[in-house]
Amino acid sequence: MPGSTDTAPAGRSTIQIFSACTQYAAATLVAALRSGMFGPRSEHRRVLVVSDTSPAPELGTPLHRRPGFDALAAEFDAVRSWNEFISPFHPGGWSPREQDAPLWERAVRAAWDLGDEPVELACESIQANPAQALATVFGDSPLHVYADGLMSYGPTRSRLDQLVGTRIRRLLHLDLVPGLKPLLLTEFGVEPEVVPTDAFLKVLGELADPVAAPAVPGDGPGPALLLGQYLSTLGILTPVQEEEQHTRMVRGAVALGHTRIVFKPHPSAPAHWTRTLEEEAVRLGATLTVADSPVLAETLFESMRPALVVGCFSTALLTAASFYGLPAARLGTGPLLQQLSPYQNSNRIPLTIVDALLPDLEDPAAVTGWSMPSPDAIARGTAGLVGAVGYAMQPQLQAPLRPDAERYLIAHRDTVRRYFKRRRLTALGLPGAIPAQLTFIPRNATVRRIARRTRALKRAALR
């Protein structure tokens with residue numbers, strides 16, 4: 001396997017195991033390593049464990065076989081595949097039983113030639129597999145969690161086992177939204193550390209080197225770059241809805257004067273979607289080029305310098321806006337804020353951030369007049385919104401945020417309906433659950449008595 005070695009250089013005392021499921025995650029890790037966030041390389045043996053958690057990993061291109069991977073692998077002494085090790089199990093759904101963990105640790109150490117040296121882990125998405133599986137296998141090892149996207153700004157998606165949470169030393173994250181502090185793992189007092197942006201951009205530049213940007217016909221400013229997310233695989237949209245959303249992206253880009261368009265589909269998206277978009281572009285008098293190489297969309301930002309980046313709520317939108325200074329626009333976030341279920345769905349925070357910060361593609365004046373808010377402006381505005389949404393998502397884990405959430409909801413009654421569902425506010429007893437002119441009702445004894453009587457009669461009628 002590329003980058004693998006079977007012997008550790010002399011003098012190394014600790015084995016650092018880094019788990020990555022995506023190229024973006026691996027690039028984040030390499031940026032952190034080069035910035036010295038995991039200590040001197042001479043003191044550790046570093047193993048990168050790659051995994052593919054897509055529904056059908058056998059049909060895709062594994063991370064360690066994608067263009068540009070050699071630039072990432074050079075930072076590690078060995079590269080191992082979690083998919084291959086646990087085959088035929090799927091890495092997204094398999095984890096060892098607690099009582100079997102010592103057996104699996106011995107098996108992993110033997111298969112990967114780890115010996116009996118102490119291990120420390122760096123994982124993403126600690127609430128899910130394969131990070132959970134690795135944390136179980138190496139049950140005594142310290143954990144470093146790193147976040148490679150906007151979900152780090154949201155609360156931990158579910159309650160972690162105390163034996164896992166107390167092992168977490170820190171949260172590493174990219175500064176995608178300057179002025180906003182992550183909520184992830186704050187219930188364990190885990191402090192966030194920012195992975196330097198310059199180091200991350202340098203890694204992305206190296207990934208782009210062996211990959212030629214798609215040839216876009218015509219001259220002039222850069223094209224509009226449309227980002228596909230394949231949200232139908234997550235059950236967020238139906239395939240028909242997502243295809244229509246991509247078509248609206250083309251229409252919106254052309255309405256803004258862009259006649260050169262590049263579409264970067266999700267690697268798992270069906271091929272007929274791109275044919276539909278090409279036909280729509282031709283009908284509108286534009287040309288559409290498909291960038292179907294299995295590489296990060298971010299690698300196109302530097303080489304292509306798009307005049308506009310469009311998506312739904314992809315992390316790449318904030319990478320484009322914050323790191324590259326590129327104009328960005330969103331599409332379809334409004335309906336999704338109401339449609340996304342359950343309320344605590346971990347995609348809600350990325351969706352909320354993108355909706356709050358970026359202009360709507362179908363509002364040309366907003367797109368042309370938009371600029372990224374300053375960190376101070378984000379700290380004053382968006383941070384309050386994200387904190388309130390985060391509390392509403394996980395009120396038990398984020399109980400200290402309740403007073404701030406109440407203040408935000410009282411001060412921003414005009415935005416409550418967009419970001420908060422009335423049923424959720426009611427269940428939590430938060431401001432905004434009922435219209436302001438009806439707030440006297442919960443305090444009115446007569447109304448409460450009538451309501452109780454009505455419910456009792458209804459229950460009796462149903463018997």
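The coordinates are above.
Starting from 1, residues in each chain are numbered consecutively following that chain's sequence as written. Reporting in this predicted model follows two pLDDT cut-offs: at least 70 for local features of residues, and 80 or more for side-chain atom pairs to be given and counted; totals over whole chains, interfaces and linings ignore these cut-offs and use all residues. Neither water nor hydrogens contribute to the side-chain values; these are computed over all heavy atoms in the structure.

Draft legend 1. Broad picture of the packing of aromatic side chains. Each Phe, Tyr or Trp ring (for Trp, its six-membered ring) is paired with any other whose centre lies within 6.5 Å, and the angle between the two planes then decides the class: stacked below 30 degrees, edge-to-face above 60, tilted in between. Applying the stated criterion across every chain, the model contains 12 aromatic pairs. Ring geometry for W82 versus W94: centroids 6.2 Å apart, planes at 50 degrees, classification tilted. One end of the pair, W82, is in helix α3 (residues 82-86); the other, W94, is in the loop between α3 and α4 (101-111), and 12 residues separate them in sequence. Only protein chains enter the area calculation, which uses a 1.4 Å probe; residues under 20% of their type maximum are buried, those over 50% are exposed, and those in between are partly exposed. We classify W94 as buried; its relative accessible area is 11%. Ring-pair connections join several aromatic residues into one group, and the members of that group are W82, F85, F89, W94, W104 and W112. If you follow R348 out to its NZ or CZ, it ends over the ring of Y343, 4.0 Å from the centre. In this description a helix means any DSSP run of H or I spanning at least four residues, a strand means any run of E spanning at least two, and both kinds are numbered starting from the N terminus. Remark: a charge is flagged as sitting over a ring if the NZ atom of Lys or the CZ atom of Arg is within 6 Å of the ring centre and within 35 degrees of the ring normal.

Draft legend 2. Quick peek at the packing of helix α1 (residues 23-34) against helix α7 (residues 197-208). Whenever a helix is involved, its axis is fitted only over the stretch in contact; in every case the axis is a line through C-alpha atoms, and angles between N-to-C directions fall within 0 to 180 degrees. Two elements in contact, α1 and α7, have axes whose closest approach is 8 Å; the angle formed by their N-to-C orientations is 125 degrees. Relative to α7, α1 is oriented oblique. Handedness of the α1/α7 crossing: right-handed. In this structure, α1 uses Q23, Y24, A27, T28, V30, A31 and R34 to contact α7, whose residues at the interface are A199, F200, V203, L204, E206 and L207. The scheme is simple: roughly parallel for angles under 35 degrees, roughly antiparallel for over 145, roughly perpendicular for 65 to 115, oblique for anything else. By definition, any crossing whose near helix is turned counterclockwise from its far helix by less than a right angle is left-handed, and any crossing with a clockwise turn is right-handed. Working rule for contacts: check all heavy atoms of both residues, and any pair within 4.5 Å makes them a contact.

Draft legend 3. Structural detail: the pairing of strand β5 (residues 143-147). Most of β5 is tucked away, with 5 of its 5 residues classed as buried. Here β5 shows no split at all, with L143, V145 and A147 on one side and H144 and Y146 on the other all buried. Strands are treated as partners if at least two bridges between them are detected by DSSP. Here strand β4 (residues 119-123) pairs with β5 via 3 bridges, running parallel. Bridge assignment links C123 to a residue of β5, and that residue is V145. If the strands point away from the viewer and the path from the first strand over the helix to the second runs clockwise, then the crossover is right-handed. Chirality of the crossover, the property in question, places the unit of β4, helix α5 (residues 131-137) and β5 among those that are right-handed.

Draft legend 4. Quick peek at the environment of I236. Relative to the elements of secondary structure, I236 occurs in the loop between β8 (224-227) and α8 (239-255). Between the C-alpha atoms of I236 and Q339, which are 103 residues apart in sequence, the distance is 7.9 Å. The residues touching I236, leaving out its near neighbours within four places in the chain, are L231, F313, L336, Q339, L340 and N347.

Draft legend 5. Local environment of the pattern of salt bridges. We define a salt bridge as a side-chain nitrogen of Lys or Arg found within 4 Å of a carboxyl oxygen belonging to Asp or Glu. The final tally for this structure, using the stated rule, is 15 salt bridges. As a salt-bridge pair, E75 and R34 come within 3.1 Å of each other at their nearest N and O atoms. Here E75 is found in the loop between α2 (69-73) and β3 (78-81), whereas its partner R34 is found in helix α1, with 41 residues between them in sequence. The class for E75 is buried, based on a relative accessible area of 16%. Here E280 ties to R283 by a salt bridge, and the two come within 2.7 Å at their closest N and O atoms. With E280 and R283 both in helix α9 (residues 271-283), this residue pair falls 3 residues apart, about one helical turn. In this structure E280 comes out as buried when scored by relative accessible area, which is 11%. The network of salt bridges with common partners includes E244, R251, E280 and R283.

Draft legend 6. Quick look at the nonpolar core. Side-chain atoms within 4.5 Å are what join buried Ala, Val, Leu, Ile, Met, Phe, Trp, Tyr and Cys residues into a set we call a nonpolar core. Grouped together as the largest cluster of nonpolar side chains are 92 residues, with contacts concentrated most on L48, L176, V177, L318 and F420. The element best represented in this core is α1, accounting for 9 residues. Setting aside chain neighbours within four positions, we find V177 in contact with L150, Y153, L318, I353, L357 and I378. In terms of nonpolar packing, the next biggest core, distinct from the first, is built from 31 residues, I15, A78, V119 and A131 among them.

Draft legend 7. A look at the packing of helix α13 (residues 348-357) against helix α16 (residues 382-393). Here α13 crosses α16 at 155 degrees, and the two axes come no closer than 10 Å. What the angle tells us is that α13 and α16 run roughly antiparallel. Crossing of α13 against α16: the hand is right-handed. Together, R348, I349, T352, I353, A356 and L357 of α13 and T382, L385, V386, V389, G390 and M393 of α16 make up the contact between the two elements. Following the grouping adopted for this structure description, the nonpolar residues are Ala, Val, Leu, Ile, Met, Phe, Trp, Tyr, Cys and Pro, the charged ones are Asp, Glu, Lys and Arg, and the polar ones are all others, Gly among them. When the residues that make up the contact of α13 with α16 are grouped by side-chain class, the tally is 8 nonpolar, 3 polar and 1 charged.

Draft legend 8. Representation of the sheet that holds strand β6 (residues 168-174) within the structure. Strand order in the open sheet made by the 7 strands is β3-β2-β1-β4-β5-β6-β7, with parallel pairing throughout. Bordering the open sheet on either side are β3 and β7 (192-195), each of which pairs with just one other strand. Strand-to-strand twist of the sheet, defined as the mean angle between neighbouring strand axes without regard to direction, takes the value 25 degrees. In terms of strand pairing, β6 meets β7 through 4 bridges, oriented parallel. If you follow L174 over to β7, its bridge partner there is V195.

Draft legend 9. Here's a closer look at the side chain of H144. Position of H144 among the secondary structure elements: in strand β5. Not counting residues up to four positions away in its chain, the partners in contact with H144 are F38, E120, L121, A122, C123, R169 and R170.

Draft legend 10. Spatial organisation of unusual backbone geometry. The linkage connecting N129 with the following residue, P130, adopts the cis geometry, with an omega of 10 degrees. Among the structural elements, P130 can be located in the loop between β4 and α5. The omega angle of the peptide bond from S341 to P342 is -5 degrees, so this bond is cis rather than trans. Structurally, the position occupied by P342 is in the loop between α12 (333-339) and α13. Non-glycine residue D113 carries a positive phi angle of around 55 degrees. Relative to the helices and strands, D113 is located in the loop between α4 and β4. A positive phi angle, near 55 degrees, is found at Y230, a position not held by glycine. Here Y230 falls in the buried class, since its relative accessible area comes to 17%.

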